[in-house]
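Residue-level structural notes
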Amino acid sequence: MMWEQTREGAGTTMPGGDQEPGSYYVGVDVGTGSVRAALVDQRGIILAFADQPINRWEPQFNHHEQSSEDIWAACCVVTKQVVQGIDVNQIRGLGFDATCSLVVLDKQFRPLPVNHEGESHRNIIMWLDHRAVSQVHRINETKHRVLQCVGGVMSVEMQAPKLLWLKENLRETCWDKAGHFFDLPDFLSWKATGVTARSLCSLVCKWTYSAEKGWDDSFWKMVGLEDFVADNYSKIGNQMLPPGASLGNGLTPEAAKDLGLPAGIAVAASLIDAHAGGLGVIGADVRGYGLACEGQPVTSRLAVICGTSSCHMGISKDPIFVPGVWGPYFSAMVPGFWLNEGGQSVTGKLIDHMVQGHAAFPELQAKATARCQSVYAYLNSHLDLIKKARPVGFLTVDLHVWPDFHGNRSPLADLTLKGMVTGLKLSQDLDDLAILYLATVQAIAFGTRLIVEAMEAAGHSLSTLFLCGGLSKNPLFVQTHADITGMPVVLSQEAESVLVGAAVLGACASGDFTSVQNPLIRKTRGIRTSTLLWVCWFKLGWVTKLSGSSVEQPYLAIRRQWQE
C-alpha cells in the first residue's frame, strides 16, 4: 500500500474560541446494525466510544424493519457508557444522526405496526426496505417537478413511496391511526426534547421538501397522499430547523434520566448518518501534503461515507442537476452550499454476502481466528501472497462482478437491476474466495468512478476523495478506490468521522460554536471537524496496463452501453 502519515501530533480540532476548558459534547450515531456513541472534546477528539447492536426483522424478502423503542434503549446504553467517570455537568451539547428510516407513531406517540403481522414494536421501515416498488414506479410516472431534485427518478428508499405503501396496504392497522411519521434522526431528537420540529437535512433529502419553497402540495395530491396537505403537514413536519439548531429547552428530565445526562443540556436538530460523516470529514485540514485540493475550494472534495451502503457527497455554490444523482439540496449538509448525493445501495453488505456465501468461508473463518484477525484482514494478506510479482489487480483479469445486487441507486437509478458474477470456475478454494472478494471490491470502486464521472459531466470539478465509515478501515478498499478513480484518498485523524459530525451538531446547539461550517469553507468562527491522517496515493499501473478482457473494460463498457 502507498500510505503517507501526517506529522506526529496532528489531531482533530474544533477551535471555537472562548469555551471553558473541559467542555464535552456527545454524538450518537444509529446505523443499520448498531448504535454508537462518542464523548468528544473541544478539539474534536473522541475520548470515549461505545456501541450496542440493535434488532432487525426481515419478515419477507425486501421487507426490513426495526423498533424505535429498541433503538432508543440502545442509545441510552451507549450514552451512559461514554460519560462514565466524567463530570456530566461539563457536557454542553448532544447531537444525533441516524439512517433515513421511517418511524411510525400514533397520535399519542406510541409505536404502530408497519407489517402485516400487527407487531407494533416493529414500527420502523428501514432505509434499505424495497417493499414499495409498485408505489415508486407510479410516483416516477407522474414526472412531477419535485423529481428534478432527486436525479430525475425517485428511489424506493425515500419516504414518499413507503408512505404510499402503508396507506394502500395497512390502512386500518397503521395509516388511519398514525399521528406522526418521523425520519429516524428526527425521532431521536423528539425523544430527547419533546420537540417535533424536523431537520431540514431529512426533509429536503428524503421527503421532497424544498428549503426555499417548502412543501409542494401538488406532488402529494398527485401521488395519492393528499392527507398530508389537508392537515397542513402536521404528521410529517410543518416546523423545520437547520442541522445544529438548538431544540426547545434542551434535554427533558425523562430523557436525561434515560441517557444519564443533565436535564436541559442543548440538543441539536439532527443529520442523516451519511451527512454527519460528510460534515465530519469534508473540511479536513490538508495543508502541506501536496494534494491538489489544498489550493482549491472545498467543492473540489467528494466525501464518500462507506459502510453497509455508500454515499457520495459533493457540494457546490450553485445548484447542479446530475441525472441519477440525488439533489441538488440546499443547506442539507453544509449551510449555504448545495449538496449532490450519489450512492450505492449495498457495499459492505454486498462484500459480506459474497464472502460469507462462498464454500471456502468456514476455512477462512478458522484460519482468521487462529491468527486473531478479521476475515478481511486475512483475505488482504492472502491476496498479497497469491499475487506473486504482479499488482494485485491482475488477479481478476478473468473474473468480474456486477455489484447491483440490490438495484442501482446512482447513476443509473434503476432498482430493477440485479447482480452478476462472470468468469467462475469449478474450483472453490480459499484462493477463489480471495479473488472473488477482490473483484467485488473493484466493482464497488468502479461504481464510485461512474458516479464521479456523472457528477463531473454535469458540472462538478472533483480532485480528491475523503473516505469515512467502516469500509474506510479496510486498506484494500481504500487503495482500490484510489487506483480505479485515479484520485488520492484522504482519511482523517479521527476514524469515527460520523460520530464527530454528530458531536459537532451538539457543539453548535450549545452556543459554543456559531456554525457547523469549517473555517476552510468560510472565514468565520466555526468548527474544524477533522485533520488529515493518511493520504492513499493511486497506483494506476495495473489499471492502465490492462485492456481488452481486463478488470476495467467489461464493467465500464456494460455501464456505458446501459446508459446509452
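Further up the page is the structure itself.
Report follows, based on the coordinates. Quick caveat, the model's predicted, so the values are computed rather than measured.

Rules and cut-offs
- Residues numbered from 1 in each chain as written.
- Predicted model: local features only at pLDDT ≥ 70, side-chain atom pairs only at ≥ 80, totals over all residues.
- Heavy atoms only, no water.
- Helix = DSSP H or I, 4+ residues; strand = E, 2+ residues; numbered from the N terminus.
- Expected span 1.5 Å × (residues − 1).
- Phe/Tyr/Trp six-rings, centres within 6.5 Å; stacked < 30°, edge-to-face > 60°.
- Buried < 20%, exposed > 50% of the residue type's maximum accessible area, 1.4 Å probe, protein only.
- Salt bridge = Lys/Arg side-chain N within 4 Å of Asp/Glu carboxyl O.
- Axes fitted to C-alpha atoms, helices over the stretch in contact; angles between N-to-C directions.
- Parallel < 35°, antiparallel > 145°, perpendicular 65-115°, else oblique.
- Left-handed = near helix turned anticlockwise from the far one by under 90°.
- Contact = heavy atoms within 4.5 Å.
- Nonpolar A, V, L, I, M, F, W, Y, C, P; charged D, E, K, R; others polar.

**Here we look at helix H15 (residues 497–509)**
If you check H15, its first and last C-alpha atoms are 19 Å apart, about what 13 residues at 1.5 Å a residue would give, namely 18 Å. Positive phi appears at Gly511, one or two residues downstream of H15, with a value of about 90 degrees.

**As for the packing of aromatic side chains**
Within the structure shown, the criterion is met by 16 aromatic pairs. Centroid distance Phe109 to Trp190: 4.7 Å. Interplanar angle 15 degrees. Geometry classified as stacked. Of this pair, Phe109 sits in the loop between strand E7 (102–106) and strand E8 (124–125) while Trp190 sits in helix H4 (residues 184–193), placing them 81 residues apart in sequence. Residue classification places Trp190 among the buried positions, given a relative accessible area of 12%. Pairing Trp220 with Phe228 gives two aromatic rings, centres 5.5 Å apart and planes at 90 degrees, and the pair type is edge-to-face.

**Remarks on the pattern of salt bridges**
A complete count under the given rule lists 20 salt bridges for this structure. Glu65 is the salt-bridge partner of Arg122, the closest N and O atoms lying 2.8 Å from each other. Taken together, the residues span a long stretch of sequence, with Arg122 in the loop between E7 and E8 and Glu65 in strand E5 (residues 65–66) at a distance of 57 residues. Overall, Arg122 belongs to the buried group, its relative accessible area being 8%. Residues Arg287 and Asp285 are paired through a salt bridge, measuring 2.6 Å at the closest nitrogen-oxygen approach. A relative accessible area of 7% means that Asp285 is categorised as buried. Each of the salt bridges in this network shares a partner with another, and the network as a whole consists of Glu65, Glu117, Arg122, Asp129 and Arg131.

**Quick word on the side chain of Arg131**
Its location among the elements puts Arg131 in the loop between E8 and helix H2 (133–141). On the basis of relative accessible area, Arg131 is assigned to the buried category, the value being 8%.

**Quick look at the packing of helix H13 (residues 430–458) against helix H14 (residues 475–485)**
Taken N-terminus to C-terminus, the directions of H13 and H14 make an angle of 50 degrees; their axes are 9 Å apart at the nearest point. As far as their axial angle goes, H14 and H13 are oblique. Read as a crossing pair, H13 and H14 show a hand that is right-handed. Across the interface between the two elements, Tyr437, Leu438, Val441, Gln442, Ile444, Ala445, Phe446, Thr448 and Arg449 from H13 touch Leu476, Phe477, Thr480, His481, Ile484 and Thr485 from H14. Per-class residue counts for the contact of H13 with H14 are nine nonpolar, five polar and one charged.

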